[in-house]
Amino acid sequence: TINVIIFLIILSAFLFSTACFAQVEGDEYFDDYVYQRNDTGDQFLKITLGALFPLNFDGQLYTGGQAELSYYRFINKNFALGGDFTATYNISIGNKSLVTLPFTFGIMYQPTIGNFEFPLFLNVGLAYETWQNMNYFPGFVLKANVGASYRITEVYSLGISSTFTWLPQWVKNSKKNANGLFTSASVSFRYHF
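In short, a report on the structure. (Residues numbered from 1 in each chain as written. Predicted model: local features only at pLDDT ≥ 70, side-chain atom pairs only at ≥ 80, totals over all residues. Heavy atoms only, no water.)

### Some points on the packing of aromatic side chains
Evaluated as defined, the whole model comprises 14 aromatic pairs. With a centroid separation of 6.5 Å and an interplanar angle of 50°, the aromatic rings of Tyr 128 and Phe 137 are classed as tilted. According to the relative accessible area criterion, Phe 137 is exposed, its value standing at 55%. Look at Trp 166 and Trp 170: their rings are 6.2 Å apart centre to centre, the planes differ by 75°, and that puts the pair in the edge-to-face class. Three or more aromatic residues joined by ring pairs make a cluster, and in this case those are Phe 44, Tyr 72, Phe 74 and Phe 121. Lying across the ring of Phe 121, Lys 46 places its NZ or CZ 4.2 Å from the centre. The lysine or arginine in question, Arg 190, covers the ring of Phe 44, its NZ or CZ lying 4.6 Å from the ring centre. (Phe/Tyr/Trp six-rings, centres within 6.5 Å; stacked < 30°, edge-to-face > 60°. Buried < 20%, exposed > 50% of the residue type's maximum accessible area, 1.4 Å probe, protein only. Lys NZ or Arg CZ within 6 Å of the ring centre and 35° of its normal.)

Next comes the structure, spelled out in structure tokens:
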């Protein structure tokens, strides 16, 4: 009889537990997870093409161009760390080419409103510069970028941006130090993964 009582207690517990977890028709499942379009660990690659405008060359340089490849990884939903490799050129009034190849590391802050994202970048790094068969490396570079992009799908976005770039040249004779100031207007394509 004791075995029968133990069996009935186990059977009752089993039937009671299944009744507790049975789904009643019409019950809804509520999940408190909130989907974040960008979250920790999300990444993107960005390709940027644009026009480059010299700011302090007294008309000695014409408008040039730039191409940029970037990689960033989100550390939370608004901030990302990464880097850029840029190639720029400008032609002087004497048909000489100024070419710069900056490689920078930076941080991005990106607020969003719906499908619109507003990335703000601050980057610092080194640049290789060449002008009239003279090379300058390593050159310091500082860039600040503001933009707006539209998330077409979860994977692709298209945007516009403007970058301010400071490229100083510091040499032994401080009287010959120079500061190259540029701004750009660009179109960018981002691949999110």
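From this point, things continue past the structure.
### Some words on the environment of Ala 144
By the element assignment, Ala 144 lies in strand S8 (residues 134-151). Look at Ala 144 and you get partly exposed, because its relative accessible area is 34%. Along the primary structure Ala 144 and Asn 123 are separated by 21 residues, whereas in three dimensions their C-alpha atoms are 6.4 Å apart. Each residue touching Ala 144, except ones within four places of it in the same chain, is listed here: Phe 121, Leu 122, Ser 162, Thr 163 and Phe 164. (Helix = DSSP H or I, 4+ residues; strand = E, 2+ residues; numbered from the N terminus. Contact = heavy atoms within 4.5 Å.)

### Comments concerning the side chain of Asn 38
Inspection of the secondary structure assignment puts Asn 38 in the loop between helix H1 (2-21) and strand S1 (43-54). Side-chain polar atoms of Asn 38 contact the side chain of Glu 117, separated by 3.2 Å. Of the polar contacts made by the side chain of Asn 38, one reaches the side chain of Arg 151; its length is 2.8 Å. When sequence neighbours within four positions are dropped, the list of residues in contact with Asn 38 reads Phe 74, Lys 77, Gln 110, Thr 112, Glu 117, Arg 151 and His 192. (Polar contact = N/O pair within 3.5 Å; in protein donor to acceptor, adjacent residues only side chain to side chain.)

### Remarks on the pattern of salt bridges
The final tally for this structure, using the stated rule, is 5 salt bridges. Its salt-bridge partner being Lys 46, residue Glu 68 comes within 3.8 Å of it at the nearest N-O pair. Pair noted here: Glu 68 is in strand S2 (residues 64-74) and Lys 46 is in strand S1, with a separation of 22 residues, a long-range link. Across the pair, Lys 46 and Glu 68 agree in class, each one buried. A salt bridge links Arg 151 to Glu 117; the nearest nitrogen and oxygen atoms lie 2.9 Å apart. Here Arg 151, found in strand S8, pairs with Glu 117, found in strand S6 (residues 116-117); they are 34 residues apart in sequence, far enough to count as distant. The pair Arg 151 / Glu 117 is uniform in exposure class, with both members buried. (Salt bridge = Lys/Arg side-chain N within 4 Å of Asp/Glu carboxyl O.)

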